[in-house]
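In case you want the letters, here they are:
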Amino acid sequence: MSTARKKGDPPVANQPDLLDEATLQQGKELVTWLIKTFSQIKLYSLDHPNVRQFIDTLSQKFGAFFAQNPVLELEVTDTAFLLGDKKVHEETQLIRSLPFFFYKDGVTRLSFHEGLTQDELIQFFQLLEKISHLPPEESDIVVSLWEMDFPHIDYLAPDEFLETKIGQETRVTPYKVARNFLEGGTLHLAPEDQAALQKYAHQRTAGLEGSHPSAGLLEDEELLPSPARFQLRREESDRLEILIHKHRELSQEEETIHLLVETIYLEEKIQPFTQVLQSLSSLIEETLSQGKVTIAVHALDHLLDLEKEFRKTQPEKLLHLNETLRQLKEEKIIPLLIKSLEKMVTPDFESLFHLLEFIGPSSLSLVGRLIDNYPDKSFQELACAFIQKIGLQNLPLLLEIADDHREKTTLVILRTIANSDDPRKLSYLARFLRSRNLHIQLETISLFSSLPDPKAAKLILPLLDDPQLEVRQQAARALVRLNQPSVSEDILNRIQEKSFNRRSLTEKKALFAYLFRLKTPESRDFLKGLLKKPWWWSPATRINPGLWLIDTLKEEDRLEVEDFLNELGLIRNRKIRRALQGLKYKLKLHSHRDKGTGREET
Amino acid sequence: MTKSQRSREIYLNQTGLDLLNKFYMLTRTSRLYEPNNLLFVHQLRDLLQSLDEILQKEKVAHFLLRATTLLFNGVKLKFSHVNYHLFRFIYDEFTPRHIVSLAFYPGVKEKEIIDFILSLKPETSLKKDQSIPPSPEKEALEQPLLGEFPHIKVEKSAAKTGAERKKNAARVYFLGLTHLKEYLTQKKDLDSKNLLTTRRMIQTLFDHIVENEPFLYGLTSIKNHDEYTLNHSINVCILALALGRRLGLERKELVELGISAFFHDVGKLEIPLEILNKPGKLDEAERRVIETHPYKGVQKLLQLPHLKALPLQALHVAMEHHCREDDRGYPRYRGKKTISLFSKIVKIADYYDAITTPRPYRKKAFTPAEAINLMMDKAGEEFDPTLVKVFASMMTACPVGTLVLLNTGELALVYETKSDPPQFLRPRVKLITDAQGKKIDGPIVDLAAKDESGQNYLRSIVKVLEPDKYGIKVSNYFMAEAQ
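All values derive from a computational prediction rather than experimental measurement.

Our focus in this paragraph is the overall build of chain B. A count of helices and strands for chain B gives 18 helices and ten strands. Its C-alpha radius of gyration of 24 Å places chain B within 12% of the 23 Å reference for a compact globule of 483 residues. With the C-alpha coordinates aligned to their principal axes, the bounding extent of chain B is approximately 75 × 65 × 40 Å. Across the 483 residues of chain B, 63% fall into the buried class. Across chain B, the fraction of contacts at a sequence separation of at least 24, relative to all contacts at a separation of at least 6, is 67%. Only carbon and sulfur atoms are counted for the fraction: they give 51% of the accessible area of chain B, which is about 18,400 Å². Averaged over its 71 positive side-chain charges, chain B has a centre that lies 3 Å from the centre of its 60 negative ones.

This is the structure in structure tokens:
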């Protein structure tokens, strides 16, 4: 009759465990469920409800098993799991066989112990699933199990298995030492050693040996450190914790890049130098593809530092280095960045722009895309600063990213263009005079007003007829600032049209201001004529453009206005006259005050 | 893992270590004093109080030794340099007795604990008509059970004997040499498949270090003059892994450390043998050539087709293992750079093995004890001061493999060191000559053993000797253990 080993019973050495039928059956069912769960995991993800259900059930079955038995210990063969000496699962098709999955890596026993948690089971299956997807030559379940070190799952993989992997062609064999080799013959102590022995004996006799455990070694005490030197003090222990913690926090890639840079610096021969340079370039590419932009930037900074060093002393290395930098800059970085961004990896923005600065104007198109992807305020600010700095180097490329939908960016682009020395900036800006985005259009008009180009006013003029009021007003103001006579005739004609009446007060005043500031005889005559005899207005409508002019003059230069008024002569129209008096009064008020009488005079 | 599961894990880890520490303290005290000693009584009460608290909550306090892991109530205990000695204590107490499990149950009282602790006490005193006290392993075989304890359950298993473990350890050591030779003679490529085997090998080596640490140190006494780099690399790997374990590195980190140590000197393949083995002092040009081997090593490793398969740390270690704390090492960097932790560890292991190995350019090798002393003197200059201290306490003042002259006139080899610094000069040693100088294949004795009166030590170390002076090949004695 077989004797089942129960929980709490110590195993008896050198005797096989004999299992009763019930345990065997329970074990078999458990193993079957284990296999089924693994099959589910290969089909679905771990989060799938089916898989979860299977794991829950498996967990319960384990619990029930462990209630009677402390361990489920399975022997592993190439095709089967055995419990005791009975097969509880067999699969002869090796490609599907879970036993073979373990067996091929040398596992001969797999044990699940009481206390096994569901978490542990899930991690176990995750591991199996991961390994099962790797090619056999790149996977070893034992290596992974060892690293995981499951508290309640262990295995036996005899060391002999290593001999199947190591030493097929060449073998360093352990040398044999016969025990009797250790015997025979006599060793005579050297005089100094003999003397030490005698000295010790003498000192012991003289009672100099203490009862301290270390006492006894008198001869060489000064050569051997005292016990206290071996004990770590509190601060040393703390330092060790920090050392280990820092090691774990370090970015391995960053450190390796630094190392490779040093190797490049140290290597004198060109061929190995280029190999290491290539490795570094590959590492930079890899970090970029993972979105680790900061690391890539640091690496490039190191390379640029090296470039400066090599310029002085190592021209041959400089050639290779420059070629690597060129390839990175022109061919590799942008596609890798795009790829990592497509994977939704959000980079550190400052580092990103540092990198883009390295690339230069050819990165502008990427910037345009990024602006759309990252509405984040800090990003937008960095992007604008980048555009202002780098965009100047290549305005046509900059223009490519201007768009009605990218209002803020386009405004920055426009200002950058306006501030540049590029002789074609007028034509660049002109493209935006008709922008469908009102803000962009208004800003363009405003920027035009600061351009000394004589064509500017002519380009703005048609906007006086724009359907949008803000545009017309802005255009009028711009014309005032431009103060270009080339459009004076056109303005004069517009003022004399009946449609002038429908313009807003701002427009009217702006156009009058334009004429006033022009100071040509024609414009002056026209304006005077406006005040004396506005013959083109129908009296019936009681509109008097002179009054608008006078309103305009209130905001013009006082001395200029005074001169103009002095030239006017007699004004017949009472309204105009009164308004002029009011204007003069305002001016005189100013002039009395200027004279510093402090008294108001009417 | 849920938050409560995580909390429980933390609680059990802390509680388990605390209990283990108290158990350790009491066991240690029991070997120095009688149970009625005040210190013993105080520690016993402390232990019992902790046990009562745990048992009220948990119903059992169960230590389970599984391979190289110690669990408490199902949770893995995490050891670091601060408490590594506790793991070693349990391992050294349990393994010779084939104990895999120790559990305390509610109802355990003082007397039971005293009896149990005393049953673990080795016979370090002479019995009548006994010249040499028995080893714990021998004792375990003769006394398979520790006695009947109603509330303390001990579980044993049919584990390998010490001899079998040593044989296996030696086999793995030589497999490691073979594996490295395959790389160095280019019979194997540094590809991902072979590096997987390397990982497996390092893991196996590590398991043996945990199971049989002193013996593995003994194997590092194997020094091959002709194939120095080969032996040296394995030895450095063993010592680095042992040190890494002491520091509490995680398993994945340990494998990376092992691989890094394994390949740390691969750059020497680029150095002409006549310079490497030159008997005399190197001239300036030769020195410059030697000093290129760190970055030559990096270049060699970079030739790997699948760089990802190699831990990046291996590059750092290859480059930095000759860097010094005082910046006077090589190679000389452009900018100041912090030496990586693994490089510091490997540097220590490398230096120790190098100076304890006879080389063409050095009249004699340092003894292990001299090496430790010298290295401690160089703390802060050559080595990281804290790491070298941990290494020194790991190896002790008289490391395994040290040849010593005893006050009895016998010569002995240190076989197993003690983890307590005051006990460093009381290791377990193998007698290799009798008092008259006749060579013997003697027993392993504990220098802490006292005579019948319990007052005087039976044997004490008088002096550390140079093996070459007496034509002794230390490694033979360890290899003989593995036959």
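In terms of regular secondary structure, chain A is built from 26 helices and five strands. A total of 602 residues make up chain A; the buried ones form 47% of that total. Entry remark: accessible area of chain A is about 31,800 Å², with carbon and sulfur atoms responsible for 51%.

Let us look at helix α16 (residues 407–419) of chain A. All names here are of chain A. With 13 residues, α16 should reach 18 Å at 1.5 Å per residue; the first-to-last C-alpha distance of 18 Å fits that figure. Within the sequence span of α16, burial applies to T409, T410, L411, V412, I413, L414, T416, I417 and A418. Contact partners of the buried residues in α16: α13 (364–373), α14 (377–390), α15 (395–401), α17 (425–430) and α18 (438–448).

Another point: the confidence of the model for chain A. Residue and element names in this part refer to chain A. Of the residues in chain A, 90% reach a pLDDT of 70 or more, and the chain-wide mean stands at 85. Predicted confidence is poor over residues 1–16, with pLDDT under 50, and the contacts of this stretch with residues over four places away or in other chains come to 31 contacts. Confidence drops under a pLDDT of 50 for residues 592–602, and excluding neighbours within four residues, the segment shows seven contacts in the predicted structure.

Moving on: the pairing of strand β2 (residues 80–83) of chain A. Residues and elements named next belong to chain A. Of the two faces of β2, the one carrying A80 and L82 and the one carrying F81 and L83 are both buried. As paired strands, strand β1 (residues 71–76) and β2 are joined by three bridges and run antiparallel to one another. Along β2, the bridge assignment pairs L74 with L83. In sequence, β1 turns back onto β2 through a hairpin of three residues. As paired elements, β2 and strand β3 (residues 86–90) share four bridges and run antiparallel to each other. Residue F81 lies in a different strand from β3, and its bridge partner there is H89. Between β2 and β3, which follow one another and run antiparallel, lie two residues, and G84 among them has a positive phi close to 65°.

By size, the foremost hydrophobic cluster in this structure holds 281 residues, and its most contacted members are L356 and I491 of chain A together with F23, F263 and F391 of chain B. Setting aside chain neighbours within four positions, we find I491 of chain A in contact with L461, L464, L479, L511, Y514 and L515 of chain A. With 40 residues, the next largest nonpolar core counts L30, F81, V88 and V142 of chain A among its residues.

With that settled, consider the interface of chain A and chain B. Listed per partner, the contact involves 110 residues of chain A and 127 residues of chain B. Taking both sides of the interface into account, the surface hidden between chain A and chain B amounts to around 10,300 Å²; carbon and sulfur atoms contribute 58%. In terms of surface lost to chain B, no three residues of chain A exceed W146, L187 and F230 of chain A, which account for 9% of the buried area on that side. In this assembly, chain A and chain B are joined by 15 salt bridges.

This next bit is on the pattern of salt bridges. All names here are of chain A. Overall, the coordinates contain 81 salt bridges over all chains when judged by the stated rule. We note a salt bridge from K86 to D85, for which the minimum N-O separation is 3.5 Å. Given the relative accessible area of 61%, D85 is considered exposed.

Moving on, we come to the pairing of strand β7 (residues 411–416) of chain B. Residues and elements named next belong to chain B. The buried fraction of β7 is high, at five of six residues. As paired elements, strand β6 (residues 403–406) and β7 share three bridges and run antiparallel to each other. Counterpart to V404 in the pairing with β7 is A412. Connecting β6 to the antiparallel partner β7 that follows it, the hairpin turn spans four residues, and G409 within it adopts a positive phi of roughly 90°. Bridging between β7 and strand β8 (residues 428–431) involves four bridges; their strand directions are antiparallel.

All names here are of chain A. Taken together, five strands build an open sheet; the order of strands is β3-β2-β1-β4-β5 and the sheet is antiparallel. Edge positions in the sheet fall to β3 and β5 (153–156), since each has one partner strand and no second. Looking at each pair of strands side by side, their axes are set apart by 25° on average, direction ignored. For β1 and strand β4 (residues 109–113), the ladder comprises five bridges, and the chain directions are antiparallel. Following the sheet pairing, L72 is matched in β4 by F112.

Attention shifts here to the packing of aromatic side chains. All names here are of chain A. Counting across every chain of the model gives 39 aromatic pairs over all chains. Taken together, a centroid distance of 5.7 Å and an interplanar angle of 85° make the contact between F516 and F564 edge-to-face. Placement of F516 in helix α22 (residues 505–518) and of F564 in helix α25 (residues 558–568) is noted, with a sequence separation of 48 residues between them. Among the aromatic residues, those joined into a ring-pair cluster are F38, F62, F65, F66, F101, F102, F112, F124, F125 and F150. In this structure, K61 is placed above the aromatic ring of W33, and the distance from its NZ or CZ to the ring centre is 5.2 Å.

Cis peptide bonds are those with omega within 30 degrees of zero, and the linkage from Y330 of chain B to P331 of chain B qualifies with -5°. The residue D149 of chain A is not glycine, and still its phi comes out positive at about 50°. Locating D149 of chain A in the fold gives a position in the loop between α5 (141–148) and β5.

Helix length check: helix α10 (residues 293–313) of chain A (21 residues) gives 31 Å between terminal C-alpha atoms against 30 Å at 1.5 Å per residue, within 8%. Those residues of α10 of chain A not exposed but buried are V293, I295, A296, V297, A299, L300, L303, L306, E307 and F310 of chain A.

What follows is about the packing of helix α12 (residues 349–359) of chain A against α14 of chain A. Residues and elements named next belong to chain A. Contact geometry of α12 with α14 gives a least axis separation of 10 Å together with a crossing angle of 15°. Compared by their axis directions, α12 and α14 come out roughly parallel. Note that α12 runs across α14; the crossing there is right-handed. Counted together, F349, E350, L352, F353, L356 and E357 of α12 and S378, F379, L382, A383, F386, K389 and I390 of α14 form the full contact between these two elements. Looking at side-chain class alone, the contact of α12 with α14 contains nine nonpolar, one polar and three charged residues.

Residues and elements named next belong to chain B. One open sheet accounts for five strands, arranged β3-β2-β1-β4-β5; its pairing is antiparallel. Edge positions in the sheet fall to β3 (75–76) and β5 (152–156), since each has one partner strand and no second. Running at roughly 95° to strand β1 (residues 61–66), helix α2 (residues 38–58) makes contact with β1, β2 (69–72) and β4 (99–104) of the sheet.

A word on the side chain of E253 of chain B. Positionally, E253 of chain B belongs in helix α10 (residues 251–262). In this structure E253 of chain B comes out as buried when scored by relative accessible area, which is 11%. Reaching out from E253 of chain B, the side chain makes a polar contact with the side chain of R248 of chain A at a distance of 2.7 Å. Within the structure, the side chain of E253 of chain B is placed 2.7 Å from the backbone nitrogen of E250 of chain B, a separation counted as a polar contact.

Let us now look at a nonpolar patch on the surface. On the surface, a nonpolar cluster with roughly 290 Å² of combined accessible area is contributed by L32, Y33 and L39 of chain B. Residue Y33 of chain B is classed as partly exposed on the basis of its relative accessible area of 38%.

The rules behind the values
Residues numbered from 1 in each chain as written. Chains lettered and ligands numbered in written order. Predicted model: local features only at pLDDT ≥ 70, side-chain atom pairs only at ≥ 80, totals over all residues. Heavy atoms only, no water. Helix = DSSP H or I, 4+ residues; strand = E, 2+ residues; numbered from the N terminus. Rg over C-alpha atoms; globule rule 2.2 N^0.38 Å. Buried < 20%, exposed > 50% of the residue type's maximum accessible area, 1.4 Å probe, protein only. Contact = heavy atoms within 4.5 Å. Areas by Shrake-Rupley, 256 points an atom, 1.4 Å probe, with all protein chains shown as cover. Lys, Arg positive; Asp, Glu negative; His and termini not counted. Charge placed at Lys NZ, Arg CZ, Asp CG, Glu CD. Expected span 1.5 Å × (residues − 1). pLDDT = per-residue confidence, 0-100. Pairing = 2+ DSSP bridges. Core = buried A, V, L, I, M, F, W, Y, C linked by side-chain atoms within 4.5 Å. Buried area = accessible area lost by both parts, 1.4 Å probe. Salt bridge = Lys/Arg side-chain N within 4 Å of Asp/Glu carboxyl O. Axes fitted to C-alpha atoms, helices over the stretch in contact; angles between N-to-C directions. Phe/Tyr/Trp six-rings, centres within 6.5 Å; stacked < 30°, edge-to-face > 60°. Lys NZ or Arg CZ within 6 Å of the ring centre and 35° of its normal. Parallel < 35°, antiparallel > 145°, perpendicular 65-115°, else oblique. Left-handed = near helix turned anticlockwise from the far one by under 90°. Nonpolar A, V, L, I, M, F, W, Y, C, P; charged D, E, K, R; others polar. Polar contact = N/O pair within 3.5 Å; in protein donor to acceptor, adjacent residues only side chain to side chain. Patch = residues over 30% accessible without salt bridge, like charges linked within 9 Å, V, L, I, M, F, W, Y side chains within 5 Å.

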